[in-house]
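Close look at the chain arrangement
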Amino acid sequence: MANIPALEQMNQILHILFIFLPFLWAIGILPPPDALFLWAMEQVLEFGLGGSSMSTHLRLLIMFIISAGTAVTSYFIPSTVGMVFFMTGLGFLLSLNLSEMGFAFKHSVVRHRVRNKSEALPSGSEKQLTWKECLFYIIILVLALLESVLLHHFACCSQISKISPQAIVGYILMILLLILWILREIQSVYIFGIFQNPLYPKDVQTVTLFIEKQARLMKIGVARRILLNLVSPFAMIAFLSLDSSLQGLYSVSVSIGFTRAFRMVWQNTENALLEIVIVSAVHLLTSGIDMWWNRSLNTGIRLLLVGIIRDRLIQFVSKLQFAVAILLTSWTEKKRRKSTTTLCILNIVFSPFVLLFIVFSTLLSSPLLPLFTLPLFLVGFPRPVQSWPGVVGTTACMCADTVYYYQMIPSLTTALQSAMVAGSLGILLPGSHYLGRFQDRLIWIMILEHGYTYCSINIKGLELQETSCHTAEARRVDEVFEDAFEQEDNAKISINGHIGNVLTPCTVLPVKLYSDARNVLSGIIDSQDNLREFKGDLVKVLVWILVQYCSRKSSMQENVHKTEKEKASVVILPDLNTSPQTKSSEDTVSLNSETLDDWSDDILGDEPTTKKINEVKDQLKFLQSINLPLPGSVESHLFGDQSIGKVSENSLYKAVLLGYPAVDKGKQEDMSYIPLMEFSSHSHLLSLPDEWKSNCLPNHKIREMSLLFPEDWYQFVLQHLEYFPLKENVPNVLEEIAKDRVLKDFYVHTVMTCYFSLFGVENMNPSPGHILRVYSGVLPWSLALDWLTEKPELFQLALKAFRYTLKLMIDKASLGPIEDFKELTNCLKEYESDWYIGLVSDEKWKEAVLQEKPYLFSLGYDHNMEVYTGRVLTLQELLIQVGKLNAEAVRGQWANLSWELLYATNDDEERYSIQAHPLLLRNLTVQAADPPLGYPIYSSKPLYIHLY
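In what follows, the accompanying structure is described.

A tally of helices and strands in the protein yields 31 helices and 13 strands. The buried share of the protein, reckoned over its 948 residues, is 52%. Look at the contacts in the protein between residues 6 or more apart in sequence, and 75% of them connect residues 24 or more apart. Roughly 44600 Å² of accessible area belongs to the protein as shown, and the carbon and sulfur atoms make up 62% of that amount.

Right, here's the structure in full:
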């Protein structure tokens, strides 16, 4: 075989390269096969076929195959009109979010088929495909096809000149590009990221004021979106359809170039407009010059080359900014100057080689890797835009604070949609990163995919428990946003004072979320006057909660009985043991009453942790498994030989027994009974459950504590009930029940026993430590403790009453005393409907956040300050500040994180590369990486936002 010099030279080069492969692999420059494969598909799909990076690897593979098939098919079409028709139609369809549209269409069909059973279908957050959207896409597709075919058939291929139809369309595109650029820049707080935008609202603190001031910009944003989604694509299709290069049938370059061009028109309209304007301008300027650009390349390939150059140029500038930022901070900061002086000098001396590394990483579209985030640069291996393997949103370091991010995501997505439509976030490119800030929350947003009228994003939530490094960088983020958004209205146009920072402020978003306020309760919870009033208020709150509970329960049972009576042909008195039991609305709280050591005044924690008692668990399971009697009802199944439906006088007496000593079951016939005439005929509607009527305290103790019972309040509560099973003659019935002495004795016994259980042996003013422990579910020892803990439902009601009373005490100290019973009732109703008052660690707390309760309250203890604290979460629409991050800085730091932990195996928690860096936001960037290398506490699945 003849020797070929080129092959021999290549053979020598490869022999040398193979020697270095182990070294390249060891330092993390040689890419793993999966990363290389996904990177190659992304590059070909984006620059060769006109697509976009995809949100999942499976979508990327499917879209790559379909797009490649489209380019190959267009090569074999024998007609230029047919080729234009095919490329225009497929370019539009492939730019849509077809998978989500398919799922939405499938759900719509299923819901239509089972319209009468819609409640059985999952009520997920899937967007329904409306007929308006389908009609919109069909109209756009038909118009695009008609325009491209008609223009190509009747007006194509005229002689090249400055007044040809294609040149005229090029002029129009130049004007459109200029208008769209201006309209986009004025939507953000900075123009070019440097100059303060005079049209952007200044010093806005409230949502209402911001929306009012931004109304003009929103109207401009709507005009921009119309130009971007409707006018620009049709103008670009006209330009492409009139191109003479389309006459070249069976040409690989024409098939690839124009398949990409017709796809880019819809997939990434802004970049496509820029590329066509550049090609058109160059064509007009060099139309009379015989050069390689005009002679050898068709318009499709020119657009492809311009697209690659545009992308690589943006990457080069971002990488250069990243490298300069590392060099400057290594030299200017005193803490780093001593250790990095040598490296800085070497970078200056060998700056051509540093630039060569930057250029090489730019050409490969791979991250610029600063070793240990020092000014020592390498070229990272090529990897896809997502940077991490695995499915987006499947891993996160979940904790108690995760729920706050879950709650805010729907509202944040809606706000992001408005900002993206208006152009406030700039050009939406896959791989772009944004950072949002509100109070102690940091929200990391990444663009995964972009197409015609949709965008896919991933939202991550960073930890709320701030470390020293986290705090230092968060403070710098606050400074950057304050300088941008909190300027006075009469302030002159200023320049961004944080140009070197990787974060550039963009806009603020109105989002519905919880604001977190923590107050010191010194002077309130330790005031003897407040504690004395607390005891009296607790009895009133107990009465109100128990009456409301019995009223609601009776109403529910009455509705059940009415339904059963409508279906039953024979009416039989219900069995006492078949009454339905409603579950408690609160979680079961752990108790610890085994020792008195838990009852010192030493506060062991912010929220004392308590042990579960197996007895309470067993009792709860037992009560849930048996059928308890309907409170106040009369037995129909009697003991002995009594038959169903026969009601004896003794059984009526049994329904109202209270406060008598325990009697053996065999001696029940010898018990004394309360005279029947003292029991109202409607009292059973508000009667307490039978198991709550047993006595556990000495008679003298009951009599002593009964003096504390507020009879006037009891009468008021009964006469102003809202939930009552009867609908006729309600005032008279309630008045009759209020006069029932036996029913009142029931409530006196239950309320005062609960009261005694909550305060323990000594009936003295509680201490702040006592209140915190009981609030947390740890009750003091008393004779009634076991009696209460054996009744989980009653225990939860008593605990809720205690917590309501504490909140009432704080409100009275802050807002003033309660004037009358009506105001007190309104206050308790507000607690019931608008508040969750409990512990942050409760599951019900998380449920309340997800259900968007307007207010949440928790009591705690700060060990550092040694003070009692109250935490209040308030749901309201507030402003989140959002800025754009340098994407190459993020990719570079993530590449270093991967290299340092996986290749250098440096897992030191205090390593240099994780320390605070206010300019690069290094600690926050590491947190935002996917686990196990990063540790975000929340990560969403790909969220698809509609941009119209």
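Moving on from the coordinates now.
Let's shift gears to the pattern of salt bridges. Under the criterion given, the structure shown has 26 salt bridges. Its salt-bridge partner being Asp537, residue Lys812 comes within 2.8 Å of it at the nearest N-O pair. Pair noted here: Lys812 is in helix H27 (residues 792–815) and Asp537 is in helix H18 (residues 528–567), with a separation of 275 residues, a long-range link. Pair check on accessibility: Lys812 and Asp537 agree, each one buried. Lys807 is paired through a salt bridge with Asp811; the nearest N and O atoms lie 2.6 Å apart. Taken as a pair, Lys807 and Asp811 lie in helix H27 at a separation of four residues, close to a single helical turn. Judged by relative accessible area, which is 17%, Asp811 ranks as buried.

Looking now at empty space enclosed by the protein. Evaluated as defined, the whole model comprises 11 cavities of 30 Å³ or more. Each pocket or cavity is described by its volume, and for the largest cavity that value is around 140 Å³. Mapped onto the lining of the largest cavity, the elements with two or more residues apiece are helix H9 (215–241), helix H11 (269–285) and strand E6 (441–451). Looking at the lining of the largest cavity element by element, the count peaks at four residues for H9. Class assignment for the residues of the lining of the largest cavity results in seven nonpolar, seven polar and three charged.

Another point: a nonpolar patch on the surface. Side chains of Trp131, Leu135, Ile138, Ile139, Val142, Leu143, Leu146, Leu150 and Phe154 sit close together on the surface and give an oily, nonpolar patch of about 930 Å² of accessible area. Residue position: Val142 is located in helix H6 (residues 131–155). Judged by relative accessible area, which is 41%, Val142 ranks as partly exposed.

Our focus in this paragraph is the packing of aromatic side chains. For any two aromatic rings, the description comes down to two numbers: the centre-to-centre distance and the angle of the planes. Scanning all chains against the criterion turns up 34 aromatic pairs. Between Phe534 and Phe759 the ring centres are 6.3 Å apart and the planes differ by 90°, which places this aromatic pair in the edge-to-face class. Highlighted residues: Phe534 in helix H18 and Phe759 in helix H24 (residues 741–759), separated in sequence by 225 residues. The exposure class of Phe534 is buried, given its relative accessible area of 0%.

Running from N to C, helix H22 (residues 711–719) and helix H28 (residues 821–834) cross one another at 65°; their axes reach a closest spacing of 11 Å. Handedness of the H22/H28 crossing: right-handed. In contact with Asp712, Trp713 and Phe716 of H22, H28 contributes Phe821, Lys822, Leu824, Thr825 and Leu828. Per-class residue counts for the contact of H22 with H28 are five nonpolar, one polar and two charged.

For the rest of this paragraph, the subject is the nonpolar core. Judged by nonpolar contacts, the single largest core of 78 residues is most densely connected at Tyr747, Leu806, Phe857 and Leu859. Top element by residues in this core is H18. It accounts for 13 residues. In contact with Phe857, other than residues within four places in its own chain, are Tyr775, Leu806, Lys807, Ile810, Trp835, Tyr836, Ile837, Gly838, Trp845, Gly870, Arg871 and Val872. Ranked by size, the runner-up nonpolar core spans 45 residues in total, among them Ile358, Leu442, Ala889 and Leu901.

Calculation notes
- Residues numbered from 1 in each chain as written.
- Predicted model: local features only at pLDDT ≥ 70, side-chain atom pairs only at ≥ 80, totals over all residues.
- Heavy atoms only, no water.
- Helix = DSSP H or I, 4+ residues; strand = E, 2+ residues; numbered from the N terminus.
- Buried < 20%, exposed > 50% of the residue type's maximum accessible area, 1.4 Å probe, protein only.
- Contact = heavy atoms within 4.5 Å.
- Areas by Shrake-Rupley, 256 points an atom, 1.4 Å probe, with all protein chains shown as cover.
- Salt bridge = Lys/Arg side-chain N within 4 Å of Asp/Glu carboxyl O.
- 1 Å grid on protein atoms, 1.4 Å probe; cavity = no way out; pocket = protein on both sides within 12 Å on 5 of 7 lines; lining within 4 Å.
- Points joined across faces, edges and corners; volume = space filled by probe spheres on them.
- Nonpolar A, V, L, I, M, F, W, Y, C, P; charged D, E, K, R; others polar.
- Patch = residues over 30% accessible without salt bridge, like charges linked within 9 Å, V, L, I, M, F, W, Y side chains within 5 Å.
- Phe/Tyr/Trp six-rings, centres within 6.5 Å; stacked < 30°, edge-to-face > 60°.
- Axes fitted to C-alpha atoms, helices over the stretch in contact; angles between N-to-C directions.
- Left-handed = near helix turned anticlockwise from the far one by under 90°.
- Core = buried A, V, L, I, M, F, W, Y, C linked by side-chain atoms within 4.5 Å.

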